[in-house]
Amino acid sequence: MAGFDKRVASYEEAMEGIESGMTVIAGGFGLCGIPENLIAEIKRRGVNDLTVVSNNCGVDGFGLGILLEDRQISKILASYVGENALFEKQMLNDEIEVVLTPQGTLAEKMRAGGAGIPAFYTATGYGTPIGDGKEVREFNGRHCILEEAIIGDFAIVKGWKADRYGNVMYRHTAQNFNPMAATAGKITVVEVEEIVEPGELEPSQIHTPGIYVDRIIQGTFEKRIEKRTVRS
Amino acid sequence: MALTREQMAQRVARELQDGFYVNLGIGIPTLVANYIPDGIDVMLQSENGLLGMGRYPTEDELDPDMINAGKETVTARPGAAIFSSAESFAMIRGGHVDLTVLGAFEVDQQGNIASWMIPGKLIKGMGGAMDLVAGADNIICTMTHASKHGESKLLEKCELPLTGAGCINRVLTDLAYLEIKDGAFILKERAPGVSVEEIIEKTAGKLIVPDHVPEMTFDAE
């Protein structure tokens with residue numbers, strides 16, 4: 001690996017260094033824009049006691065849902081965890097700790113973590129169970145709660161195109177949490193559909209600049225659709 | 001007669017104004033998109049990162065990378081913008097969205113809303129609802145006026161855990177359209193054929209009833 005070339009040759013190499021007990025931040029919304037092959041590699045490695053930070057937890061048999069099968073996740077921060085029977089079972093049996101987090105707060109926790117901001121105040125969640133035990137301050141007549149940033153030992157991200165320097169573009173709404181996740185990993189791994197030469201991506205169109213990215217790999221993706229809605 | 005889901009969506013749609021950016025929640029709020037009045041242009045915001053949500057795709061347009069906040073496949077209309085979740089919630093928390101429409105289990109006369117959690121039942125999460133209610137000045141809550149057992153959902157004080165405190169100012173139920181102001185529900189309109197007495201009976205919170213409460217009208221479809 002020379003200079004700014006972030007490419008790795010295999011998924012095994014892409015997730016080198018992940019250990020049990022680590023915190024993993026994952027991009028994706030539902031099954032859209034999820035790093036499906038990096039998740040599969042985490043499953044293959046069998047590491048457990050993971051803290052996962054992700055808007056959702058996949059579905060039975062796909063996405064982060066596959067990490068539940070061997071109980072690799074002990075704690076998750078997410079905004080919505082429906083559509084997953086195994087998850088519900090583990091939650092009801094107290095086999096997994098769930099920290100439900102408002103979606104915007106979750107995005108901001110990742111963004112702040114990546115931006116070196118340790119905590120922020122927000123009106124979201126004040127007066128609700130989410131605000132319980134959190135510091136409250138009033139700004140301009142509004143009550144706000146203090147929310148802390150998140151940094152992951154690993155961030156796993158799904159992009160569309162990247163150059164080998166790790167500059168990444170996302171496609172359509174597969175962007176979602178991926179750009180914030182990419183900033184918030186001590187080691188950020190991005191898998192993409194296509195790796196191109198430096199200079200081929202228009203610099204002003206880059207969503208995630210390569211400075212945030214440690215490893216990139218080109219993969220093939222199933223891109224499963226969760227709710228197929230069409231008009232006739 | 002209580003309003004149908006479609007009539008509730010139709011009534012909410014009358015609150016849309018030309019040039020509004022609007023976030024529609026899941027359920028009845030989603031149906032509002034079907035009743036945007038002629039001559040009015042609104043831009044639908046979907047909190048997963050889409051401003052300018054279009055129709056559902058045709059089979060040919062179907063794209064797994066193009067979904068809405070309900071995880072349904074959608075299209076982007078001409079003039080749409082797509083962005084990250086942080087950008088999306090900057091719009092929401094920053095008060096840039098003109099109107100938010102969402103469902104609720106309960107609201108109370110202080111403008112509190114409970115919509116995400118019933119203790120003892122499975123808890124799936126709040127998604128973006130807490131951000132939406134905290135960030136918007138202009139929210140319409142759509143809900144049934146009372147439970148199947150006749151218990152009011154318009155309360156003096158919410159009993160379920162809150163989604164947001166003091167943030168709701170308008171409620172459309174299947175029986176009535178109400179505003180919340182100074183610690184009371186104000187009855188503004190009633191569903192066709194629904195009496196003021198029935199609304200009083202099914203409203204547990206403080207209710208102010210003006211001398212004249214107009215009946216909603218709906219075009220025959």
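The name recorded for chain B in an unreviewed UniProt entry is Succinyl-CoA--3-ketoacid-CoA transferase, from Vreelandella boliviensis LC1. Turning to chain B, the UniProt annotation filed under Sequence similarities (unreviewed entry) states: "Belongs to the 3-oxoacid CoA-transferase subunit B family."

The name an unreviewed UniProt entry assigns to chain A is Succinyl-CoA--3-ketoacid-CoA transferase, from the organism Vreelandella boliviensis LC1.

S.K.: Just to check I follow, could you spell out the pattern of salt bridges for this structure?
M.R.: Once the charged atoms of two side chains with opposite charge are near each other, the side chains can pair. In total, this model carries 29 salt bridges over all chains according to the counting rule given. In this structure, A:Glu222 engages A:Arg224 in a salt bridge whose closest nitrogen and oxygen atoms are separated by 2.8 Å. Residue class for A:Glu222 comes out partly exposed when judged on its relative accessible area of 48%. Overlapping salt bridges bring together A:Lys158, A:Arg171, A:Glu193, A:Lys223, B:Asp63 and B:Asp65 as one network.

S.K.: Sorry if this is basic, but what is going on with the interface of chain B and chain A here?
M.R.: The figure often quoted for interface size is the accessible area lost as the parts come together. Taken together, the contact between chain B and chain A spans 45 residues of the former and 49 residues of the latter. A combined buried area of about 4,000 Å² lies between chain B and chain A, and 59% of that area is made up of carbon and sulfur atoms. Among the residues chain B hides against chain A, the three largest losses belong to B:Asp65, B:Lys71 and B:Lys124. Together they make up 19% of the total. Joining chain B to chain A, the criterion identifies seven salt bridges. A:Glu226 is the salt-bridge partner of B:Lys71, the closest N and O atoms lying 3.8 Å from each other. Taken together, the links from chain B to chain A amount to 28 residue pairs in polar contact (both at pLDDT 80 or more). With four residues, the top contributor of residues to the side of chain B that touches chain A is helix 3 (residues 85-93) of chain B. A per-class count over the side of chain B that touches chain A returns 21 nonpolar, 13 polar and 11 charged.

Thresholds, definitions, all that
- Residues numbered from 1 in each chain as written.
- Chains lettered and ligands numbered in written order.
- Predicted model: local features only at pLDDT ≥ 70, side-chain atom pairs only at ≥ 80, totals over all residues.
- Heavy atoms only, no water.
- UniProt positions renumbered as here; feature names shortened; annotations may be inferred.
- Salt bridge = Lys/Arg side-chain N within 4 Å of Asp/Glu carboxyl O.
- Buried < 20%, exposed > 50% of the residue type's maximum accessible area, 1.4 Å probe, protein only.
- Contact = heavy atoms within 4.5 Å.
- Buried area = accessible area lost by both parts, 1.4 Å probe.
- Polar contact = N/O pair within 3.5 Å; in protein donor to acceptor, adjacent residues only side chain to side chain.
- Helix = DSSP H or I, 4+ residues; strand = E, 2+ residues; numbered from the N terminus.
- Nonpolar A, V, L, I, M, F, W, Y, C, P; charged D, E, K, R; others polar.

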